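Survey of secondary and tertiary structure
Letter by letter, the chains look like this.
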Amino acid sequence: MSLLRTQQSVPLQRLESKSVCPYCGTGCGVIIEHDGQQITGVRGDPDHPANYGQLCSKGSTLHLSCHGSDRASEPLRRDRASGDWTALNWTAALTQMAESWAEIIHRQGPQAVALYVSGQLPTEDYYVANKLAKGFIGTNHIDTNSRLCMASAVTGYKRSLGMDSVPCAYEDLEETDCLFVVGANVAYAHPILFRRIEAAKLRRPELKIIVADPRRTPTASIADIFLPLQPGTDVALFHGMLHILIWEDLIDREYIATHTEGWEELKARVQNYTPQRVAEICHISEAELHAAAQAFGESPSVLSLWCQGLNQSSHGTDKNSSLINLHLATGQIGRPGAGPFSLTGQPNAMGGRETGGMPALLPGHREVANPGHRSEIAALWEISNIHPQPGYTAVPLFQAVERGEIESIWISCTNPVLSMPDQQQVQRALDRARLVVLQDSYLGTETADYSDLLLPAASWGEREALVTNSERCISHLQKAVPAPGEARPDWMIYRDFAFALGAALDQLQHPLPDHHDSSWHDRAKRLFDFPDSASIFREYQRCTRGRDLDISGLDFALLDSQGPQQWPFPTGARSGQKRLYSDGVFPTPSGRARFHAPEFQGVAEEIDARYPLRLTTGRLRDQWHSMSRTGKIPALFASDEEAFLEIHPEDAQRLKLKNEDLARVISRRGENVFRVRIQKDLQPGLVFAPMHFGRRFAPAALCNQLTLPAIDPVSGEPEFKHTAVRIEPAIFPWQGTLLRLHSDEAHFQAAQRIARHFPYASLSRIRQDQREGFILRLAGEKAPAIRDIHAWDQALGMDGLEVLDYDDARRHVRKRLCMQGRQLLAVRLFGEDGTRDWLRELMLSGTDVDAYRHALFAPKVPADMAAWTRSRGICACTGVNEEQLRKSIAAGNISLSQIARDCGAGGECGSCKPEIMTMIRIVHQEAS
């Protein structure tokens, strides 16, 4: 994608604005380069304490995701019958929505409407949305997609330590003597933190690193001890480690006696978790278990890192509490290099927790169910009361929509049709809803197809914002460029809707809940008198005063002059507090941390004879969530072009599957078709599929059609990490490929529509040097009709070019090459695509194909020509692929520095370093 601007008579300005990456919760500082109108580049902020100038492959390509025809720039209304969208102005859009919601509220009550928001929203958006729901409308049905990733960390911290407060800092990565990484592929999900871990290990080789994960992920490339436990067995692992710590007298008895409660019950519980029993449950060796426990117990300082592997479970709260038990039992908390450190999945998931953006929370780490907390916030908002019953969490929320209990839902900055478990249920719910409102920065998401109104939101770099990262560090993001068209900041949309809803409720003469105001209109004007982000921040600050997250001493000027700050930062403070609980006092009624003694429970859906394999899902290195941003950038597809299914060689052989075959994956809820990737590092019986690919890229490989809606009873977080499935070969008699250089985004959108006609399709952006395009791979039971092929040629712009055709009607082989001079611009290979990779290379390289014309329609690449086989990309920055890397290693380059000098891989953002290390190990194993 080219961002070059046309020559202008007035020189473009070269401006810079400070921001933070909008992807994971690491919170990397970014300097946006722009001309006042468009973002032209990005680089890491060397002064930001999260990343000190480093960016991963996703962050370093942010500027390529900002522009394009898929940006939402005006309010739209969709006709459900035709699917057509009609443009509206803001007044019409908000009035229509407000009149619908006012009628529902007047007839059914405020609990008949709901909001579903996002961990990508800035803090001020979260605060205004929460105030709108709980303080103005009167519904506690407001949840966030953070429910899908961080809810069990929240309940684990609260249950064990008394408050949802991460006690650690990133500096602890450099300070610790032992790093315990469990249920987190840090190398992919938090690459810049992994760079810090790599650097710490290089500087201090004695640093012990333990990695526990069902998959040997790239994070394990740096591990001294690797525990390949079975999915869902974490509680047993932690109890087994504690059993050994007690037996070896590696616990801190004084800390337990002085600062904790509940020890005797836990001690009695873990007596039953003998090394032999735990080894059998977890499918690890007793020696591995002992080694991990001793490293944990003997190290002067221990830091634990975890993410979705613990959280995304029907027993996620138990897993979090059991891990925290290890830290409390050894006194490994509240000091440098020590503590339980949950890694946040989204850029402001923590800000959402702080502002009360969940159905059981109120601002300032308060609880809806606590009468005193409700009174405090009601007094601050100057209203009489807040509904005392917590609202629905995400999965029950969409179930209530399907039942008709909730008639309308407002979805902001998230894509639940792709991201929620049991995807078909979410689709049924949105079909049933009276009104579905989607507030987003991008058009064409899976959820947009089920929406009635689309409200355009300003995105990253287009508005001022505050976010809090994994280490409680608050950053102030500056606005760099204007939002496209009529797009507005989310908080402004919530505010203006409150005004419209107030007027609509007055029209219906809906009774006011108290006597603070003379009308709903006046009530809205009073509660939402926010002219800018700073005014919202000042009100939110009042909610934190005297609380554990007190930020009454912060303001925008301080954040701009002194940089990001950790909370708490109360009035009079000179800096934020790096570590919590250093005094051993916890925010519980007794002031003591609490041990919890859960019994190990298995996964929600166990395997059986019909569904004998365990499916786990997760993230890729170069993609993010549902790919609204990253799916626009060809370089980020190089490592993983399509949805795939990793499977162990033994399972593949038993199922008669080969690498690159198509396989049908079937659960009790649905079935998908994936491209097979045989992976020796995976344990037998376990398969893996990435979570990112939706209908826009892989309409037949939607892994959340398979996952189940089982949730943790405390946190409400779904169990994404384990689904019982069976697998069988997917054999399609007909296959085809479309290749095209990029000239118009409309052609890519046409390819997306074509993909939906087939039982298997995979669409990916491709790139080589400066040439970009896409590849669409198709498979079906029979060849498509001629009329459809002609229509697709037209939609892809393949009918108005210099064309060469080959048709064999008897075999249903129909090929077309589109030329410009002597270069390929587009290729259609229907019914026979054995030359796919070769023609792709010719097209992307801009090769003069005149000498090859006699062979371009051949069923396979002629033997006398250099056949090119695609190799998986490893380095997104330099384009180095797996084959090039193998050659470099075979030539004697066996260290990261040698490889970087030889071919460039790993020498820029560093995201590919773990995979390079894995490749070195694999090549050496093959050689031996």
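Everything that follows concerns the structure shown earlier in this document.
Below is a summary of the structure that appears in this document. (Residues numbered from 1 in each chain as written. Predicted model: local features only at pLDDT ≥ 70, side-chain atom pairs only at ≥ 80, totals over all residues. Heavy atoms only, no water.)

1. Description of the overall build of the protein
The line we're drawing: Secondary structure follows DSSP: runs of H or I at least 4 residues long count as helices, runs of E at least 2 residues long count as strands, and numbering of each begins at the N terminus. Only the C-alpha atoms count toward the radius of gyration. The rule for a globule is 2.2 Å times the residue count to the power 0.38. Computed with the Shrake-Rupley method and a 1.4 Å probe, the accessible areas treat only the protein chains shown as cover for residues. By the counting rule applied here, Lys and Arg register as positive and Asp and Glu as negative, while His and the ends of each chain are not counted. Lysine's charge is taken at NZ, arginine's at CZ, aspartate's at CG and glutamate's at CD.
Counting its secondary structure elements, the protein contains 29 helices and 34 strands. Scaling as 2.2 N^0.38, a compact globule of 928 residues should have a C-alpha radius of gyration of about 30 Å, and the protein matches this with 28 Å. Counting only C-alpha atoms and orienting by the principal axes, one finds that the protein spans roughly 85 × 70 × 60 Å. Carbon together with sulfur atoms contributes 48% to the accessible area of the protein, which is approximately 33000 Å² in total. Taken together, the 99 basic and 112 acidic charged side chains of the protein have centroids lying 2 Å from each other.

2. Remarks on the sheet that holds strand S2 (residues 29-34)
Put simply, the rule is: Strands are labelled as partners when DSSP assigns at least two bridges between them. Angular values range over 0 to 180 degrees, each being the angle between N-to-C directions of two axes fitted as lines to C-alpha atoms, with helices fitted over their stretch in contact.
Strand order in the open sheet formed by 3 strands is S1-S2-S3, and the pairing between neighbours is antiparallel. Each edge of the sheet is formed by a strand with only one pairing partner; in this case those strands are strand S1 (15-20) and strand S3 (39-44). Taking the axes of each pair of neighbouring strands and ignoring which way they run, one obtains an average angle of 30° across the sheet. Sheet topology note: the S1/S2 ladder contains 6 bridges and is antiparallel. In the sheet register, Ser19 faces S2, and the bridge partner there is Val30.

3. Brief notes about the pattern of salt bridges
Convention followed: Every case where a carboxyl oxygen of Asp or Glu lies within 4 Å of a side-chain nitrogen of Lys or Arg is listed as a salt bridge. When a residue's accessible area, from a 1.4 Å probe over protein chains only, is under 20% of the maximum for its type it is buried; when over 50% it is exposed; and in between it is partly exposed.
According to the stated counting rule, one finds 74 salt bridges in the structure shown. With a shortest N-O distance of 4.0 Å, Arg579 and Glu171 are connected by a salt bridge. Of this pair, Arg579 sits in the loop between strand S21 (565-566) and strand S22 (593-594) while Glu171 sits in helix H4 (residues 171-175), and the two are 408 residues apart along the sequence. On the accessibility criterion, Arg579 (14% relative accessible area) is buried. Classification of Glu171 as partly exposed rests on a relative accessible area of 30%. In this structure, the salt-bridge partner of Glu728 is Arg664, at a minimum N-O distance of 4.0 Å. Of this pair, Glu728 sits in strand S28 (residues 723-729) while Arg664 sits in strand S25 (residues 662-666), and the two are 64 residues apart along the sequence. The buried category is assigned to Arg664, whose relative accessible area is 17%.

4. A closer look at the sheet that holds strand S6 (residues 113-117)
Read from one edge to the other, the open sheet built from 7 strands follows the order S5-S4-S18-S17-S16-S6-S7, with strand pairing classed as mixed. Because the sheet does not close on itself, it has two edges, and the strands there are strand S5 (85-87) and strand S7 (142-144). Here the average twist between neighbouring strands, direction ignored, is 20°. Here S6 pairs with strand S16 (residues 408-412) via 4 bridges, running parallel.

5. Let's talk about the packing of aromatic side chains
What counts here: Each Phe, Tyr or Trp ring, with Trp reduced to its six-membered ring, pairs with another whose centre is within 6.5 Å; inter-plane angles below 30 degrees give stacked pairs, above 60 give edge-to-face pairs, and intermediate values give tilted ones.
The full count for this structure, using the stated rule, is 28 aromatic pairs. Where Phe528 meets Phe530, the ring centres are 6.4 Å apart and the plane angle is 80°; that geometry is what we call edge-to-face. The residues Phe528 and Phe530 share a single accessibility class, namely buried. Between Trp734 and Phe758, the ring centres sit 5.5 Å apart and the planes meet at 15°, which makes this aromatic pair stacked. You can see Trp734 sitting in strand S29 (residues 734-741) and its partner Phe758 sitting in the loop between helix H24 (745-755) and strand S30 (760-768), a full 24 residues away along the chain. The class for Phe758 is buried, based on a relative accessible area of 11%. Aromatic rings pair up to connect Trp101, Trp410, Tyr494 and Phe497 into one cluster.

6. Description of the side chain of Gln623
Applicable threshold: Contacts described as polar in this section are N or O atom pairs within 3.5 Å, which, within protein, must combine one atom able to donate a hydrogen with one able to accept it, while residues neighboring in sequence count only if both atoms come from side chains. Only heavy atoms matter for contacts: two residues are in contact if any of them lie within 4.5 Å across the pair.
Here Gln623 is to be found in the loop between strand S23 (613-618) and strand S24 (644-647). Given the relative accessible area of 2%, Gln623 is considered buried. In terms of polar contacts, Gln623 uses its side chain to reach the side chain of Thr630, at 2.6 Å. Reaching out from Gln623, the side chain makes a polar contact with the backbone oxygen of Leu636 at a distance of 3.1 Å. Excluding residues within four positions of it along the chain, Gln623 makes contact with Lys58, Thr630, Gly631, Leu636, Phe637 and His692.

Everything listed here is a matter of coordinates, which is why it stays silent on function.
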